[in-house]
Amino acid sequence: MTERVAVVEKILSANDRLAEDNRRRLDDGHVFGVNIMASPGAGKTSLIERTLGELGGRWRVGVVDGDVATSIDADRAAAAGASAVQVNTGGECHLDAVMLHGALAEMDLANLELLIVENVGNLICPAGFQLGTHKSVLVASVPEGDDKPYKYPGMYRGVQALVINKIDLQPYVEFDMEYFRQGVEVLNPGLETFPLSCKTGEGLVAWVAWLENHLAALRAN
Amino acid sequence: MHELPVTESILEMVQRHAREANATRVTDLYLVMGQLSSLVDDSIQFYWDIISEGTLAEGAQLHFERVPGELFCLDCGSRYVMADTTFACPSCHGLHVQVVAGDEFRLDAIDVQTPEDQEQIEGEAVV
């Protein structure tokens with residue numbers, strides 16, 4: 001004999017609760033947090049470097065770098081002028097709220113205005129794990145192909161902005177921008193999209209303006 | 001790979017709800033997973049068998065309800081399963097469509113045994 005107990009609870013609710021706690025810590029410190037997600041090689045670290053360059057020291061920036069191993073990315077962010085904390089996930093394919101919680105404890109949030117979280121390079125797993133940042137951003141890149149929204153729809157669902165990196169390579173690879181954008185529009189209607197090239201710098205200004213506008217709006221509250 | 005933390009999260013939820021129900025054993029779990037959640041049933045089952053050992057949910061049966069990604073055409077009202085290479089409406093070929101199913105990612109219910117159930121079973125065995 002058994003009885004049925006109704007649960008109807010979202011899996012990962014424990015992660016989501018901790019993500020809310022992370023959000024409160026960021027809000028208390030008036031720090032605007034962004035979670036940058038992408039496949040390996042799409043250009044997350046390059047985007048962060050170029051963003052730090054464009055910001056030109058106007059804001060104090062912290063970077064949390066999630067990686068399976070090594071501190072190469074955190075070192076690059078530190079070299080570009082941010083205070084960086086490396087989180088080695090020990091084989092885990094994504095950052096979760098617990099890992100960010102630990103990283104935040106190592107950071108002096110009172111002396112930061114912007115926190116950039118570089119997630120582990122992966123187009124599947126990070127989407128399910130809320131971190132508590134204010135915005136989640138997906139970085140796609142032209143050489144990955146125009147079919148990514150169709151192959152990894154989950155990743156495109158929960159983000160608030162999309163960067164399309166390496167647009168300078170468009171003449172050399174098969175990438176139907178219209179087809180790509182149609183898929184994105186279905187999965188995430190009205191998603192703010194920033195085609196750019198970290199190599200040439202084209203399009204960076206609009207992306208950085210988006211970031212700074214949100215940052216300024218948060219700090220004005 | 002992320003099925004391990006997902007499975008740990010499921011175990012935490014199961015134990016919490018089982019305690020609230022005063023259960024002595026959990027026999028079945030009913031999970032609903034949308035296609036867009038990108039989780040692999042077999043991996044969850046694999047991790048479950050390991051991490052549920054020694055808990056009151058050890059050996060519980062996992063039941064997966066897979067929900068396909070579905071789209072709804074805002075122009076002609078068709079509802080259809082998401083294809084691999086296009087999201088266009090198969091009826092009117094339009095792209096004015098929205099996702100209406102596939103994001104699910106939840107534990108719906110568990111079957112439990114309570115001390116009263118146990119007494120009943122033992123009572124029946126005596127008869």
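The rules we used
Residues numbered from 1 in each chain as written. Chains lettered and ligands numbered in written order. Predicted model: local features only at pLDDT ≥ 70, side-chain atom pairs only at ≥ 80, totals over all residues. Contact = placed C-beta atoms within 7 Å. Helix = DSSP H or I, 4+ residues; strand = E, 2+ residues; numbered from the N terminus. Nonpolar A, V, L, I, M, F, W, Y, C, P; charged D, E, K, R; others polar. Core = buried A, V, L, I, M, F, W, Y, C linked by C-beta atoms within 7 Å. Buried ≥ 20, exposed ≤ 12 C-beta atoms within 10 Å, placed from the backbone. Axes fitted to C-alpha atoms, helices over the stretch in contact; angles between N-to-C directions. Parallel < 35°, antiparallel > 145°, perpendicular 65-115°, else oblique. Left-handed = near helix turned anticlockwise from the far one by under 90°. Pairing = 2+ DSSP bridges. Right-handed = clockwise from strand over helix to strand, strands pointing away.

Trainee: With reference to specific residues and values, describe the interface of chain B and chain A.
Mentor: If you look at the interface, chain B gives 37 residues, while chain A gives 31 residues. Where the side of chain B that touches chain A is concerned, the elements lending two or more residues are α1 (3–20), β5 (97–101), β6 (105–113) and α3 (115–126) of chain B. If you tally residues by element for the side of chain B that touches chain A, the top one is β6 of chain B, at 9 residues. Here the residues of the side of chain B that touches chain A are counted per class, giving 18 nonpolar, 12 polar and 7 charged.

Trainee: Break down the nonpolar core for me, citing the residues and quoting the values.
Mentor: Counting 95 residues, the largest nonpolar core has Ile36, Leu138 and Val163 of chain A as its most contacted members. When residues no more than four places from it in sequence are discounted, the contact partners of Leu138 of chain A are Met37, Ala38, Met155, Tyr156, Val159 and Leu162 of chain A.

Trainee: Would you mind going over the packing of α1 of chain B against helix α2 (residues 41–51) of chain B in detail, with residue names and values included?
Mentor: All names here are of chain B. With their axes 9 Å apart at the nearest point, α1 and α2 run at an angle of 55 degrees to one another. By the angle class used here, α1 and α2 are oblique. Here α1 and α2 pass one another in a crossing that is right-handed. Contact with α1, carried on its side by Glu3, Leu4, Val6, Thr7, Glu8 and Leu11, involves Ser43, Ile44, Tyr47, Trp48 and Ile51 of α2 and no other residues of that element. Broken down by class, the residue content of the contact of α1 with α2 amounts to 7 nonpolar, 2 polar and 2 charged.

Trainee: How would you summarise the sheet that holds β5 of chain B if you had to cite specific residues and measurements?
Mentor: Residue and element names in this part refer to chain B. Reading across from one edge, β4-β3-β5 is the order of the 3 strands in this open sheet, with antiparallel pairing throughout. The open sheet has two free edges, formed respectively by β4 (79–81) and β5, since each of these has just one partner strand. Neighbour-to-neighbour, the strand axes of the sheet open up by a mean angle of 35 degrees, direction not taken into account. The sheet contact formed by strand β3 (residues 70–73) and β5 spans 4 bridges and is antiparallel.

Trainee: How would you explain the pairing of strand β8 (residues 192–195) of chain A if you had to name every residue and give the values?
Mentor: For a regular strand, side-chain orientation follows a simple rule: the groups alternate between the two sheet faces. All names here are of chain A. Sheet topology places strand β7 (residues 161–165) next to β8; 4 bridges connect them, and they run parallel. Along β8, the bridge assignment pairs Ala161 with Glu192. One crossover worth recording links β7 to the parallel β8 by way of helix α7 (residues 177–187), and it is right-handed.

Trainee: Could you give an account of unusual backbone geometry, with specific residues and numbers?
Mentor: Peptide bonds are, in most cases, trans, and in most cases residues other than glycine have a negative phi. Even without glycine at this site, Lys166 of chain A takes up a positive phi of about 65 degrees. Of the residues examined, Lys166 of chain A has 25 C-beta atoms within 10 Å and is grouped as buried. If you check the backbone angles, His93 of chain B has positive phi at about 65 degrees while not being a glycine. Tracing the backbone shows His93 of chain B in the loop between β4 and β5. Here His93 of chain B falls in the exposed class, since 11 other C-beta atoms lie within 10 Å of it.

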